[in-house]
Amino acid sequence: MRAGRIGDYQRWQGRTNEAAREFEGFEGAEVYPPEGGDENVWVSVFRFSGIDRLTAWLDSSRRRELLAEGQDLFDGPATQEVLHGGTPAEQEAGAVTAVVSHVVEPGREQGFLRWQAKALKAQEKAPGFMGSELFRPVQGVQERWVAVFRFDSREHLDDWLASDVRQGLLEEGRRYFASYDVHKVGSAFSGWFSFEGGARGDAPPNWKQAMSVLLALYPTVMVLNLTVGYELDDLGVPGYVGLFIGNVLSVSALTWLLMPLVNRVLAFWLVPGRARSTRVHVAGAALVVLAYLLFVAIFGLIS
């Protein structure tokens, strides 16, 4: 993405997501901001219930119009990966996923598969490795082979990507593929979302995470302002120090008290494996909005 165009891009991406929702089979869309060194690389993910339905969106005139409209937002051509099949993998707090696409030389597919198996054995020995999956090309839609692997932290992923072992594997693998691209995907608030009796499940879409965090954050900040804030003012504590103390208290309350509570109450809506129908998505969002209104009304009366 071009420097200084983040706001324009986010508005364009929002329109694109809304357009995709109108197509049959749409299941969800997420947008992931740049990770670490990929300053201008944004990743958008669209999920559809089947290849035919995904293809209808990819080949639609509406999508072509949006791509033409957003062309001046990008430094270069966008890359597109289509993954078919596979099962959702559990993702721990702070976990990062790397998506690596390969252009395999014609006739060298079997050698590429043997090389991938060797690479996987090496990955399994790397600290923080959580799992890997290889996706074959989808005829007529996706010509690249795509490997997806996860590590429990950005540091462990970067260590593997820069390791001598991987560099040696890449040199060996160049006889099988002509080029490859690497993208890293994290989650905006994944550390605050825990499901399935304490096990970390796949993080919900970013828009649900943001709504949930706001649901816990607003009453926390208001209560602290009406209690600790007044006390600090009476003690003559400078505003910038009081703000720091308030931030420490609010983040602590969210992390160890309120977000676990929100997770339990809204698990039917937040856990990707449970929220499969449009009715559930709408009902959960409506419940959160009603809670917003209730909190605003309560604090309006109090203050």
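Scroll up to find the structure this text is about.
Keep in mind the model is a prediction, meaning the values are calculated, not measured. (Residues numbered from 1 in each chain as written. Predicted model: local features only at pLDDT ≥ 70, side-chain atom pairs only at ≥ 80, totals over all residues. Heavy atoms only, no water.)

Asks: Where do I start with a nonpolar patch on the surface in this structure?
Replies: Among the surface-exposed residues, V289, L290 and L293 lie close enough to one another that they form a single nonpolar patch of about 290 Å² accessible area. Secondary-structure assignment places L290 in helix α10 (residues 278-302). (Patch = residues over 30% accessible without salt bridge, like charges linked within 9 Å, V, L, I, M, F, W, Y side chains within 5 Å. Areas by Shrake-Rupley, 256 points an atom, 1.4 Å probe, with all protein chains shown as cover. Salt bridge = Lys/Arg side-chain N within 4 Å of Asp/Glu carboxyl O. Helix = DSSP H or I, 4+ residues; strand = E, 2+ residues; numbered from the N terminus.)

Asks: Explain helix α2 (residues 51-58) here, please?
Replies: An α-helix turns once every 3.6 residues. As a result, residues three or four positions apart point the same way. Of the positions making up α2, those classed as buried are I51, L54, T55, W57 and L58. In a view along the axis of α2, the buried residues occupy a sector of 160 degrees, so they form one face of it. (Buried < 20%, exposed > 50% of the residue type's maximum accessible area, 1.4 Å probe, protein only. Arc of directions from axis to C-beta.)

Asks: Explain the environment of V146 to me, please; I cannot follow it from the model alone.
Replies: Checked against the element boundaries, V146 lands in strand β5 (residues 145-151). Sequence spacing of V146 and E133 is 13 residues, and the spatial spacing of their C-alpha atoms is 8.4 Å.

Asks: I tried to follow empty space enclosed by the protein on my own but got confused; where do I start?
Replies: Here the structure, examined in full by the defined rule, presents 1 cavity of 30 Å³ or more. Considering only enclosed or pocket space, the largest cavity measures out at about 140 Å³ in volume. The wall of the largest cavity is formed by 13 residues, among which W115, A119, Q123, F149 and R166 lie closest to the centre. Residue contributions to the lining of the largest cavity peak at 4 residues, all from helix α4 (residues 109-124). In the lining of the largest cavity, the residues fall into 8 nonpolar, 4 polar and 1 charged. (1 Å grid on protein atoms, 1.4 Å probe; cavity = no way out; pocket = protein on both sides within 12 Å on 5 of 7 lines; lining within 4 Å. Points joined across faces, edges and corners; volume = space filled by probe spheres on them. Nonpolar A, V, L, I, M, F, W, Y, C, P; charged D, E, K, R; others polar.)

Asks: Please clarify how the nonpolar core should be interpreted in this entry.
Replies: Soluble globular proteins: nonpolar side chains tend toward being buried together. Residues F112, W115, F149, F151, L157, W160 and L169 are the most contacted members of the largest nonpolar core, which totals 21 residues. The set of elements that each furnish at least two residues to this core consists of β3 (96-104), α4, β5, α5 (154-161) and α6 (164-173). Among the elements that take part in this core, α4 stands out by supplying 5 residues, more than any other. Those residues in contact with L169, other than ones at most four positions away along the chain, are W115, K118, A119, A122 and W160. (Core = buried A, V, L, I, M, F, W, Y, C linked by side-chain atoms within 4.5 Å. Contact = heavy atoms within 4.5 Å.)

Asks: Could you clarify how one ought to interpret the layout of surface pockets in this entry?
Replies: A probe as big as a water molecule, rolled over the atoms, marks out the empty space that is left. Estimates place the volume of the second largest pocket at around 310 Å³. Along its surface, the second largest pocket is lined by 15 residues, and N225, G229, G242, L243 and G246 are the ones closest to its centre. Elements that contribute at least two residues to the lining of the second largest pocket include exactly α7 (206-234) and α8 (239-265). Sorting elements by how many residues they give to the lining of the second largest pocket places α7 first, with 7 residues. Each residue belonging to the lining of the second largest pocket can be placed in one class, and the counts come to 7 nonpolar, 7 polar and 1 charged.

This is a description of form; function is not addressed.
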